[in-house]
Each structure stands twice: as C-alpha cells, then as structure tokens.
Amino acid sequence: MMQRVTLPAKAIPKKWYNLSADLPVEFPEYSQTEEGKQLENLPKIFSRGVLEQELSQKRYITIPKKVRKIYKKVGRPSPLYRAKGLEDHLDTPAKIFYKREDMSPTGSHKFNTAIAQAYYAKKDKARMLTTETGAGQWGSALSLACNMMDIDCRVYMVRVSFQQKPYRKTIMHLYNGEILPSPSDKTEFGRKILSEDPDHPGTLGIAISEAIEDALKDEKIYYSLGSVLNHVMLHQTVIGLETKKQLAMIDAEPDIMVGCVGGGSNFAGAVFPFIKDQLDGNINCKFIAAEPNSCPTLTQGEYRYDFGDTAGMTPLIKMYTLGHEFVPPAIHTGGLRYHGMSPLVALLAHEKLIEARSVTQTEIFESGKIFADVEGVIPAPETCHAIKVGMDEAIKCRKEKEEKNIIINFSGHGLLDLQGYDDYIEGKLS
Ligand SMILES: *Cc1c(COP(=O)(O)O)cnc(C)c1O
C-alpha cells in the first residue's frame, strides 16, 4: 500500500465545486435589520467576483487560469499521506489518511481562498483588502495573496494574539501587510470599544466590524473574510476534489472523514465534494466536524439568524451560533475561537448529514504529541481536534475489528504554536 499519494500539477482541479447546487433543502437567505441595510452594503464591501459566487447555484465554477497557476506555484495538488505510524501505534485495522494542507507557504489551507479573493479584488481595481485575523494564519495568507496580486493588505489582529503571537506579525510584515491590534483607534467602532475598556482583549467579531468599516468608507477598499461565507467554502473545495482523485488512484472509498471547524472552511473544503457523492448514493461515509469544548458552536449553539460580527455590519446569517457578543476564552487554538459557523456547514449539521463532536484542550495537545511522535509532522492545535476524533474512530475500529478508511484533513502545521505544546508538556494547561 502506498504511503504517499501524489498528483501531477495538471490534476489541480479546473473548477471549484459549489454545494449550493445540491442542497437537500433550500438555503436560508441572508437577511438584514430595518435600519442596518446590511444587504445593500454587500456590493460596497465585496468584489463582484466573490459576490456572484456567494449566491450562485451553479454546480461547478471555473477557477481562473491565474489562480490555478499560483496554486501550482505554491505546491498544489497537496499530497495525501497514509498515517501508518499512527495505525501501528493505535493497533487498528483501520487505514488512516491525512490530506496535507500544511504545506502551503503560510502553513495552512487558508491560502486556497486568499489568492482567489485577492484575484477578484484586483480584477475590480481595488487598492486594498482589509480583513481580520485571530491567531494570524488568515492574515498571513491574505498578506501573501495580496502581495502576489500587487494590492495592499490591512489586517486587524485580535489584540491578545497581537501580543502573544509576535512571529505571525513578522510573517505579515515580510509580505508587506499592515497590521493593527484590534480594537484599534483607526475605526469608529474600535474607538467606541476602547473608550469603554482601554484594555479590551479583542475578538474576531470586533476585528471583522473594524475591517468592514474601512471597506464601507472607501470604494477602493474591499473586505475579505477567511471563512464562514459560501464563496470561501467554494474555494476550499480544491482540497476535497484532489482527495477524491487520490482515493480513486488507490481504489479506496472514504468511510469516515474528519476536519476541525472554526468557521467551517477547511472541513467544508475537504468534505463537500464527498457530500455530493453521499447524496447521490455512491458512498456511505460518516462526516465528523471537531470543535473545542470551550467554543462549542455546533454542539451547543443555537440554529438561528445572527450577525457574523460584533457590531452587526454583516447580514443576518442562519447558522449555529453562540451569540455575536460571545467572547470565547483565550485558548491556544486561536483559529477556532469564533461564535458562528458557515451557514452551509450549519445546514448540513441541522439536516444530520454531518455530525459534530467537541474535545478538550488537553486532549488535543495529547493527540498532537502522539502524532508528532509517530508521523513526524507537528500539527496545528486546530488540526489536533480532527486528529483526536480520527484517533477515537480508529480505536473504535480496533474494538469492532473493522477495516475502515479514515480521512483526516490536516489543516495546518503547528510550528508557530509551540507555546501551547510547551504549556502542555509542562503540565500548565487546565
Ligand atoms: C483558521 C484555521 C482553522 C479554522 O478555520 P476553518 O475556517 O474552520 O477551517 C483550522 N485549522 C487551521 C490550521 C487554521 O489556520
């Protein structure tokens, strides 16, 4: 059995897959408040390219040649690895695979959509993209993408992370991104928050509000979101479309697919193309979304309309939510500290087409330590959520003597998250 399944550059998908074309129930339309005009604002903050994709019902959407070329330049298609070391360690008859999204220049899947969004902004003659970032993975990916497309990038970085993650700032600076700690005094909303609490630690929701405010004030500035929205899920489907080809090459079908969820994009990217196969009756697979128990959006949130940001500048989105004013604890998995969820992923969860599980911070670092030991790759704390759930499933296979194929989406590496590992090793995690 092959240990590593690679594809030639020409196998990079030519089209993204749009799940909106195949939903079993109608997509709950975005809405707005009477005074807010959030829907009317959308064309002011997004490029035409992504706005069209956001509402599109077309099943396949062509990837622009230039974006495909850059996918190739940064190393796509990404390899699919067999986790033989982990299988042996767990003594399981299951076969475990992981899709390596950590091999992009910024170390996670986020560049897949960053480059597409920067491309469409450039096409609309934007001067700058603004965005938010938590731990900094998204800000790094968008800074690189904007630099490649020759437009400016401004990143509002959640203040606690700005202070705790100095090296992500360095990465953004190397790619010529501008970084501001959020809440900042650059925007009205930021100043309002700071006047109430000068030491506010910030949240993703606040940073999103600040970035949108910039885009509303200047028609040459567009806003870019790293997860949640439909067009982001769309761009990430390169992951699953490649995985499909790779599994076909080794004659394997997925029985269990696992991904971690913050806003839902890496999970969506990996599984949406397979959800289509499942709906068509071609496979029988269990899809599991893994989230932190301290920010348990899918497992404990409510399915209802809510804003994507704190100030209420985004449209109302029907999703699982912990409330747009929820301030999650300062856990090490910055990428999963978001109150909401992709409405497409939420819809699948509500229809019971996918399952969700929550895991603790100690469990994830324990799994990450094992993975680094037996596979040699150090996973991001976010990714460890998926690994933990994948390991649990593999152990179940051992007990039930089942030879299932388990596919884990390996969303990113943990080489800039060593403080969390250190705290775990030294027994400092609660
Ligand atoms: C941002 C991030 C996540 C969470 O975001 P999703 O949109 O849910 O994918 C997960 N893993 C890594 C490595 C990330 O950088």
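Above this note sits the structure.
Colleague: Can you tell me about unusual backbone geometry, naming the residues and giving the values?
Modeller: For residues that are not glycine, phi is negative in most cases, and the peptide bond is trans in most cases. Note that the residue after Arg76, namely Pro77, is joined by a cis bond; omega there is -10°. If you trace the backbone, Pro77 turns up in the loop between helix 3 (65-73) and strand 4 (80-82). Put simply, Ser182 and Pro183 share a cis peptide bond, and its omega is 5°. Structurally, Pro183 can be placed in the loop between strand 8 (178-182) and helix 9 (188-196). Of note, Lys37 is a non-glycine position whose phi angle comes to about 55°, a positive value. You can see Lys37 is positioned in the loop between strand 2 (15-17) and helix 1 (38-45). Take Lys37: its relative accessible area is 44%, and that puts it in the partly exposed class. Its identity as a non-glycine residue notwithstanding, Asp251 has a phi of 60°, on the positive side. Checked against the element boundaries, Asp251 lands in the loop between helix 12 (238-249) and strand 10 (256-260).

Colleague: Lay out the environment of Leu322 with the relevant residues and their values.
Modeller: On the secondary structure map, Leu322 appears in the loop between strand 13 (316-321) and helix 15 (343-350). Residue Leu322 is classed as partly exposed on the basis of its relative accessible area of 23%. When sequence neighbours within four positions are dropped, the list of residues in contact with Leu322 reads Cys295, Pro296, Thr297, Gln300, Gly301 and His339.

Colleague: Go over the environment of Pro93, please, and point to the residues and values.
Modeller: Its place among the elements puts Pro93 in the loop between helix 4 (84-90) and strand 5 (95-100). On a C-alpha basis, the gap between Pro93 and Val377 in space is 22 Å, while along the polypeptide they are 284 residues apart.

Colleague: Can you explain the packing of aromatic side chains? Please cite residues and give values.
Modeller: Tallying each qualifying case throughout the model produces eleven aromatic pairs. Where Phe365 meets Tyr421, the ring centres are 5.1 Å apart and the plane angle is 80°; that geometry is what we call edge-to-face. Pair noted here: Phe365 is in helix 16 (residues 361-375) and Tyr421 is in helix 18 (residues 418-425), with a separation of 56 residues, a long-range link. Per residue, the accessibility class of Phe365 equals that of Tyr421, and both read buried. A cation over a ring is seen here: Arg100 above Tyr81, with NZ or CZ 4.7 Å from the ring centre.

Colleague: With reference to specific residues and values, describe the site of the ligand.
Modeller: Lining the immediate surroundings of the ligand are 18 residues, of which Lys110, Ser227, Gly262, Ser265 and Asn266 lie closest. Between the ligand and Gly264, the relevant distance is 2.8 Å, taken from an oxygen atom to a main-chain nitrogen or oxygen of the residue. The contact in question runs from an oxygen atom of the ligand to an N or O atom on the side chain of Asn266, over 2.7 Å. Considered on its own, the ligand offers 380 Å² of accessible surface; in the complex 98% of this is hidden by protein. For the shell around the ligand, a count of residues per class yields four nonpolar, twelve polar and two charged.

Colleague: So what about the side chain of Glu382? Which residues, and what values?
Modeller: By secondary structure assignment, the location of Glu382 is in helix 17 (residues 381-399). At 6.1 Å, Arg168 is the nearest oppositely charged side chain to Glu382, a buried residue that forms no salt bridge. Discounting residues that sit within four places of it in the chain, Glu382 has contacts with Gln137, Cys260, Thr333, Gly334, Gly335 and Leu336.

Basis of the calculations
- Residues numbered from 1 in each chain as written.
- Predicted model: local features only at pLDDT ≥ 70, side-chain atom pairs only at ≥ 80, totals over all residues.
- Heavy atoms only, no water.
- Helix = DSSP H or I, 4+ residues; strand = E, 2+ residues; numbered from the N terminus.
- Buried < 20%, exposed > 50% of the residue type's maximum accessible area, 1.4 Å probe, protein only.
- Contact = heavy atoms within 4.5 Å.
- Phe/Tyr/Trp six-rings, centres within 6.5 Å; stacked < 30°, edge-to-face > 60°.
- Lys NZ or Arg CZ within 6 Å of the ring centre and 35° of its normal.
- Near = heavy atom within 4 Å.
- Polar contact = N/O pair within 3.5 Å; in protein donor to acceptor, adjacent residues only side chain to side chain.
- Areas by Shrake-Rupley, 256 points an atom, 1.4 Å probe, with all protein chains shown as cover.
- Nonpolar A, V, L, I, M, F, W, Y, C, P; charged D, E, K, R; others polar.
- Lys, Arg positive; Asp, Glu negative; His and termini not counted.
- Salt bridge = Lys/Arg side-chain N within 4 Å of Asp/Glu carboxyl O.

Don't take any of this as a statement about function, it's just geometry.
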